[in-house]
Amino acid sequence: MLMEQEKHRMMEPLFDYDVMGGQPALVGNGLTGMDILSVDQFDKAKIDYIFARAREMREMVEIVGAADLVKGNVLACIFYEPSTRTSSSFIAAMERLGGSVIPITGGVQFSSVSKGETLQDTMRTLEQYADVIVLRHPQIGAAIAAAEAATVPVINAGDGAGEHPTQALLDLFTIQEELGTLDGLTVSMVGDLRFGRTVHSLSKLLSMYNVKLNLVSPEILRLPLTTMNQVRDAGIDVRETHDVADIIADTDVLYVTRVQKERFSDLSEYEQVKNQYEITTELMTHAKEKMVIMHPLPRVGEIHYDVDRDPRAAYFRQVRNGMYIRMALLAGVLGRA
Ligand code: CP
């Protein structure tokens, strides 16, 4: 015979279904269930929506640190290339939203990829455990192939020299937050415009706004023609030069990038173009008082460490914005924001 207390316990629900903090799932956000593969998938309305959610995430983190918004959801984070910021910020984002992470970020040599498992089989495996997959891969188009194989949303965390859409969204968000607008700006991109996937994605996103683009690179690292055409077709005024001195005084956003050594098949070519640019405190004396310097990081000599003390140096604020944008994207894709 059951004791009275035990009867009462058996009548209680097994699960507390209010795990989402009482907030209903949103399916009308345009992001629910979406693969995030390219910035071409975004329009201004969607970007505004993500930025509004990112600001809410920032406020929530500053006030309480974490929430239960995606409690019970699991993110698989698999990186076939090294990463500090993208991997850590996706993990931090999922954990601050109350979700869990399968992190395969310490090197796929510790996964069955090292035994020859295909990308497709890896995706079909991870989707058995996870509700969303974040993938970084050295091949252009790998994220598209992964999304075709997986039934859960795939987020492109960088596909070779292709795209890095979530980085571009956090870059755009940083410009908006630092300068208060995305229109009427002159944005100068410096360094490896050929292999820099963040440049490819950001220049396409910026093309939706009223901006001027300065492209500063060595001849062999110019922006690829397909991206250049897309930007010009959008009506953007583009100027190319090899010298930062040509553009520094007119620039509102100086977006500096690393020469992507890992993409060169001929390292002697890399040797010719490495260390071509360095932003110094002296150069900064020629810049606008309200200019902002950004870098997707890591840097390997493109910005002198002394510049870090300049209030215009926004690259570590940019890093933090990455977490808020990725919180907004994960919550959106999972139908919770
Ligand atoms: N910005 C960026 O992609 O940095 P990581 O390579 O450290 O992820």
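Residues numbered from 1 in each chain as written. Predicted model: local features only at pLDDT ≥ 70, side-chain atom pairs only at ≥ 80, totals over all residues. Heavy atoms only, no water.

### Regarding the overall build of the chain
Right, so step 1: When helices and strands are counted, the chain shows 11 helices and 9 strands.
Right, so step 2: Relative to the globule expectation of 20 Å for 337 residues, the C-alpha radius of gyration of the chain, 22 Å, shows essentially globular dimensions.
Right, so step 3: With respect to the principal axes defined by its C-alpha atoms, the chain has extents near 90 × 45 × 40 Å.
Right, so step 4: Taking all 337 residues of the chain together, the buried fraction comes to 54%.
Right, so step 5: Side-chain charges in the chain split into 33 positive and 46 negative, and the spacing between the mean points of these groups amounts to 1 Å. (Helix = DSSP H or I, 4+ residues; strand = E, 2+ residues; numbered from the N terminus. Rg over C-alpha atoms; globule rule 2.2 N^0.38 Å. Buried < 20%, exposed > 50% of the residue type's maximum accessible area, 1.4 Å probe, protein only. Lys, Arg positive; Asp, Glu negative; His and termini not counted. Charge placed at Lys NZ, Arg CZ, Asp CG, Glu CD.)

### Focus: the domain arrangement of the chain
Right, so step 1: One can read the domain layout of the chain as domain 1 (16-163 + 320-333) and domain 2 (165-319).
Right, so step 2: On a C-alpha basis, the centres of domain 1 and domain 2 stand 25 Å from each other.
Right, so step 3: A buried area of about 2600 Å², summed over both sides, lies between domain 1 and domain 2, and 59% of it is on carbon and sulfur atoms.
Right, so step 4: Run the count over domain 1 and domain 2 and you get 6 salt bridges.
Right, so step 5: At the junction of domain 1 and domain 2, the tally comes to 22 residue pairs in polar contact (both at pLDDT 80 or more). (Domains from an automatic or database assignment. Buried area = accessible area lost by both parts, 1.4 Å probe. Salt bridge = Lys/Arg side-chain N within 4 Å of Asp/Glu carboxyl O. Polar contact = N/O pair within 3.5 Å; in protein donor to acceptor, adjacent residues only side chain to side chain.)

### Observations regarding the site of the ligand
Right, so step 1: Taken together, Ser-83, Thr-84, Arg-85, Thr-86, Arg-136, His-164, Gln-167, Pro-296 and Leu-297 make up all the residues around the ligand.
Right, so step 2: Arg-136 is positioned such that a nitrogen or oxygen atom in its side chain is 2.9 Å from an oxygen atom of the ligand.
Right, so step 3: Between His-164 and the ligand, the recorded distance is 3.0 Å, taken from a side-chain N or O atom to an oxygen atom.
Right, so step 4: When the free accessible area of the ligand is taken as 250 Å², the share hidden by the protein chains comes to 91%.
Right, so step 5: The cavity that encloses the ligand is the largest pocket.
Right, so step 6: Residue composition of the shell around the ligand, grouped by class: 2 nonpolar, 5 polar and 2 charged.
Right, so step 7: In this structure, the shell around the ligand is formed jointly by two domains, domain 1 (16-163 + 320-333) and domain 2 (165-319), each of which donates at least three residues. (Near = heavy atom within 4 Å. Areas by Shrake-Rupley, 256 points an atom, 1.4 Å probe, with all protein chains shown as cover. 1 Å grid on protein atoms, 1.4 Å probe; cavity = no way out; pocket = protein on both sides within 12 Å on 5 of 7 lines; lining within 4 Å. Sits in = over half its atoms within 2 Å of the grid points. Nonpolar A, V, L, I, M, F, W, Y, C, P; charged D, E, K, R; others polar.)

### Observations concerning the pairing of strand S4 (residues 154-159)
Right, so step 1: Counting buried positions along S4 gives 6 out of 6 residues, so the element sits mostly inside the fold.
Right, so step 2: Here strand S3 (residues 132-137) runs beside S4; their pairing, made up of 4 bridges, is parallel. Bridge pairing in S4 links Leu-135 to Asn-156.
Right, so step 3: Note on the crossover from S3 through helix H5 (residues 142-149) to S4: the handedness is right-handed. (Pairing = 2+ DSSP bridges. Right-handed = clockwise from strand over helix to strand, strands pointing away.)

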